[in-house]
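Overview (structure and organization)
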Amino acid sequence: MSPPPPPLGRSRKRDDRLFDSALCDAELVDVRARFTQGRWSGARALLTATGDDWDRRGHRLAVLAETPAATAWTNEWLLAEPESADAGTLLALAAVFRALRRKGAPEDAEEACHRAAALLPADPTPWLGLLMLSRAFGTEEEFSRHFDQVRARHREHHHAHHLMVARLAERTPGSGHDPLHEVYDFAAWAAEEAPADSPLAVLPVIAHAERYRVLAARHGLPGGDTASATQHWSGRRARQVLRTAFDWWLEWERDDHPRNRVDLNFLAHAKLCEGRPAEAAALFHRIGRHATPAPWSYPDRDPHKAFLAARSTALGSA
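Residues numbered from 1 in each chain as written. Predicted model: local features only at pLDDT ≥ 70, side-chain atom pairs only at ≥ 80, totals over all residues. Heavy atoms only, no water.

Observations regarding the overall build of the protein
The condition is simple: A helix here means a DSSP run of H or I that spans at least four residues, while a strand means a run of E at least two residues long, and both kinds are numbered starting from the N terminus. In this description the radius of gyration comes from C-alpha coordinates, and the expected globular size is given by 2.2 Å times residues to the power 0.38. The buried label applies to any residue whose accessible area, calculated with a 1.4 Å probe on protein chains only, is under 20% of its type's maximum; exposed applies above 50%, and partly exposed to all values in between.
Across its full length, the protein carries 17 helices and 0 strands. Relative to the 2.2 N^0.38 estimate, which gives 20 Å for 318 residues, the radius of gyration of the protein is 20 Å and therefore close to what a compact globule would have. Seen through its C-alpha atoms, the protein measures out along the principal axes to roughly 60 × 45 × 35 Å. Looking at the 318 residues of the protein, the share that counts as buried comes to 51%.

Observations regarding the packing of helix α6 (residues 106–119) against helix α7 (residues 125–137)
A packed helix pair is summarised by two numbers, namely the angle formed by the two axes and the spacing between the axes. The condition is simple: Each axis is a line fitted through C-alpha atoms, taken for helices only over the stretch in contact, and angles between the N-to-C directions span 0 to 180 degrees. Small angles under 35 degrees read as roughly parallel and large ones over 145 as roughly antiparallel, with 65 to 115 read as roughly perpendicular and the rest as oblique. Take the far helix as your reference; a near helix turned counterclockwise from it by less than a right angle gives a left-handed crossing, and one turned clockwise gives a right-handed crossing. Note on definitions: a residue-residue contact is assigned when non-hydrogen atoms from the two residues lie within 4.5 Å.
Where α6 meets α7, the axes come as close as 8 Å, and the angle between the chain directions of the two elements is 160°. Viewed along their axes, α6 and α7 adopt a mutual orientation that is roughly antiparallel. Judged by the sense of rotation from one axis to the other, the crossing of α6 with α7 is left-handed. Residues P106, A109, E110, C113, H114, A116 and A117 of α6 pack against P126, W127, G129, L130, L133 and F137 of α7.

Points about the environment of V165
Take V165: it is sitting in helix α9 (residues 158–169). Separated by 56 residues in sequence, V165 and A109 place their C-alpha atoms 23 Å apart. Ignoring sequence-local partners within four residues, the contact set of V165 consists of V183, F186, A187, L203, I206, A207 and E210.

Comments concerning the confidence of the model for the protein
Put simply, the rule reads: Values of pLDDT, ranging from 0 to 100, describe the predictor's confidence in every residue of the model.
Residues of the protein with pLDDT of at least 70 account for 91%, and the chain-wide mean is 91. Per-residue pLDDT stays below 50 along residues 1–14; that stretch engages in 19 contacts with residues further than four places along the chain or on separate chains.

A closer look at the side chain of D25
Put simply, the rule is: We call two N or O atoms a polar contact when they sit within 3.5 Å, provided that within protein one can donate a hydrogen and the other can accept it, with sequence-adjacent residues counted only if both atoms are side-chain atoms.
The residue D25 is located in the segment before α1 (26–35) in this model. Looking at D25, its side chain comes within polar contact range of the main-chain nitrogen of L28, at 3.0 Å. Once you skip the residues sitting within four places of it in the chain, D25 turns out to touch R56, H59 and R60.

Re the nonpolar core
Burial of nonpolar side chains together is a common tendency in soluble globular proteins. Quick reminder of the rule: Note on terminology: a nonpolar core comprises buried Ala, Val, Leu, Ile, Met, Phe, Trp, Tyr and Cys residues joined through side-chain atoms within 4.5 Å.
The biggest cluster of nonpolar side chains holds 88 residues, and the ones touching the most others in it are V165, V205, F284 and F307. If near-sequence neighbours (up to four positions away) are discounted, F284 is found in contact with A268, L272, W296, F307, A310, R311, A314 and L315.

Some points on helix α13 (residues 236–252)
Put simply, the rule reads: In a helix, the anticipated span is given by 1.5 Å times the number of residues less one. Think of the arc as the fan of directions from the helix axis to the C-beta atoms.
Taking 1.5 Å per residue, 17 residues should reach 24 Å; α13 reaches 24 Å between its end C-alpha atoms and fits that length. The complete set of buried residues in α13 reads A238, V241, L242, A245, F246, W248 and W249. Take α13 and look down its axis: the buried residues cluster within an arc of 155°, on one side only. Exposed residues lying more than 90 degrees from the buried face of α13 are R236, L250 and E251. The positive-phi residue at the C-terminal boundary of α13 is E253, with phi of around 30°.

Considerations on the environment of S21
If you trace the backbone, S21 turns up in the segment before α1. As a C-alpha pair, S21 and Q231 span 210 residues in sequence and 32 Å in three-dimensional space.

Brief notes about the pattern of salt bridges
We count it as follows: A pairing counts as a salt bridge when a side-chain nitrogen of Lys or Arg comes within 4 Å of a carboxyl oxygen of Asp or Glu.
With the rule as written, the count across this model stands at 26 salt bridges. Residue D185 is joined to R237 by a salt bridge in which the shortest nitrogen-to-oxygen separation is 3.4 Å. Here R237 lies in helix α13 and D185 lies in helix α10 (residues 182–193), a separation of 52 residues in the sequence. Each of R135, E170, E210 and R213 takes part in salt bridges that share partners, so that together they form one network.

This is the structure we're talking about:
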């Protein structure tokens, strides 16, 4: 088990490393440091070793693509290896993140993703890039089509399912607290379709958090202490979902999955909202310093302060 986090109230350098998108992938952290200096051979070796572990490949490519000068260094790589699917996909995702930051044209990123998809047709990662683009700029039909393309290549794609849940949660924001909202049905279906050890078992929890984000933005629920927020997290369906997800974690705990800490952050957040800080404490021990901005930023909060306060509350109850 991971060691408990450092005591709060005193400055700790490790707190400055919260929200690192690499999460607990130590190999990726090392390669990224070299890649930012223009040494791309480590990235090439890492992606070759990743092979067709599609969730890990997507995670590693996305983290590398977010780095400063990723486009420049990947273009240098492509000069040496113009047919490299790894370099082509990395360049495409770098274009996606530039577009999302409003630094590049979405059309250019879309073209780059299609070129990358042609280099390695079995890889869902270029379609993940297109899914991110259509999440920000596209239509519902485009988004659904790109999700289908990802899922056709990897039925349990973790990142893609999270994006789909976030998009579905935004439908009919005015309907208020609705336990029959379509986002819950989709999450339940995806979890049931997946193998027993799949991290998609936690997807129904993600659905509740994303729907809470939408309702909080629409109705101004502050931080989870209103009657509406309480109803959202303590209703019969929510309680069942949280109990099932926590039991799954106790049995399976897919610590080998590259986005494991994403799920644990959502689950810890939900357990606190449900009023079960002792169970949240066990999750915070596993999270360690690998916090994620979502869901601690929900609704419209400073994620760093929210995470540290939540961790303090949970560990103080243990």
